[in-house]
Amino acid sequence: MRAAFILLIRQKLEEEQSVLRQHIVQCLHTHSDLNTKIILQQLTESDEQSWPELLATIYSEPLQQLRSRLEMVEAALSQIHIGQYGSCSDCEKTISSETLLMDPTEQRCAECKKHRRY
Ligand SMILES: [Zn+2]
């Protein structure tokens, strides 16, 4: 996969990551319980990678949606980091750039996605 393409994808992912984090913080501010306040405090102090982990204990549907998306974005970023981005997790073929541009967190090639049932 070309370096320029990876760079583009990385920018997209980092942009989405920062938007998701803003939404998560906004969402947390709508809760006033002590647990949420403690977590909010921890988020601002902690290493960025542990956000999904810290958020796991909050039972709020919109927040968990943001959290799971953040987890996917961070997983894709770490795949870029270790040089394993863009391979299908089922067949290990290279995922097409069209697919990755549509969703940079995609883990499966179009073919495997078709055969997979949820
Ligand atoms: Zn595949």
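Fair warning: this is a prediction, and the values are worked out from it, not measured in the lab.

## Regarding the overall build of the protein chain
Right, so step 1: Within the protein chain, the secondary structure is distributed over six helices and zero strands.
Right, so step 2: Counting from the amino terminus, the protein chain carries its helices and strands in the arrangement α-α-α-α-α-α.
Right, so step 3: Over its C-alpha atoms, taken along the principal directions, the protein chain stretches across nearly 45 × 35 × 20 Å.
Right, so step 4: Within the protein chain, the fraction of its 118 residues that count as buried is 14%.
Right, so step 5: Taking as baseline every contact in the protein chain between residues at least 6 positions apart, the subset at least 24 positions apart corresponds to 47%.

## Let's talk about the environment of Ile80
Right, so step 1: Relative to the assigned elements, Ile80 resides in helix H4 (residues 61–81).
Right, so step 2: On the basis of neighbour count, Ile80 is assigned to the partly exposed category, with 18 C-beta atoms found within 10 Å.
Right, so step 3: Each C-alpha atom of the pair Ile80 and Leu7 lies 9.2 Å from the other, and the pair is 73 residues apart in sequence.
Right, so step 4: Contact partners of Ile80, with chain neighbours within four places excluded, come to Ile6, Arg10 and Tyr85.

## Examining the nonpolar core
Right, so step 1: One finds Leu13, Ile24, Leu55, Leu70, Val73 and Ala76 to be the most contacted residues of the largest nonpolar core, which totals 14 residues.
Right, so step 2: Elements supplying a minimum of two residues to this core: helix H1 (3–29), helix H3 (51–55) and H4.
Right, so step 3: Ignoring anything within four residues of it in the chain, the contact list for Ala76 reads Leu13, Tyr85, Pro104 and Thr105.

## Focus: H1
Right, so step 1: Here H1 is 27 residues long and its end C-alpha atoms lie 39 Å apart, about the 39 Å a rise of 1.5 Å per residue gives.
Right, so step 2: Where H1 is concerned, the buried positions are Ile9, Leu13 and Ile24.
Right, so step 3: Taken together, the buried residues of H1 touch H3, H4 and helix H5 (97–102).

## Some remarks on unusual backbone geometry
Right, so step 1: Phi angles above zero are rare outside glycine, and Glu92 is one such case at about 65 degrees.
Right, so step 2: Relative to the elements of secondary structure, Glu92 occurs in the loop between H4 and H5.

## As for the packing of H1 against H4
Right, so step 1: The contact between H1 and H4 brings their axes to 9 Å, and the two run at 155 degrees. It follows from the interaxial angle that H1 and H4 lie roughly antiparallel. Like other packed secondary-structure pairs, H1 and H4 cross with a definite hand, here left-handed. In contact with Ile6, Arg10, Leu13, Glu16, Gln17, Leu20, His23, Ile24 and Cys27 of H1, H4 contributes Pro62, Leu63, Leu66, Arg69, Leu70, Val73, Glu74, Ala76, Leu77 and Ile80.
Right, so step 2: Residues belonging to the contact of H1 with H4 are distributed by class as follows: 13 nonpolar, two polar and four charged.

What counts and how
Residues numbered from 1 in each chain as written. Predicted model: local features only at pLDDT ≥ 70, side-chain atom pairs only at ≥ 80, totals over all residues. Helix = DSSP H or I, 4+ residues; strand = E, 2+ residues; numbered from the N terminus. Buried ≥ 20, exposed ≤ 12 C-beta atoms within 10 Å, placed from the backbone. Contact = placed C-beta atoms within 7 Å. Core = buried A, V, L, I, M, F, W, Y, C linked by C-beta atoms within 7 Å. Expected span 1.5 Å × (residues − 1). Axes fitted to C-alpha atoms, helices over the stretch in contact; angles between N-to-C directions. Parallel < 35°, antiparallel > 145°, perpendicular 65-115°, else oblique. Left-handed = near helix turned anticlockwise from the far one by under 90°. Nonpolar A, V, L, I, M, F, W, Y, C, P; charged D, E, K, R; others polar.

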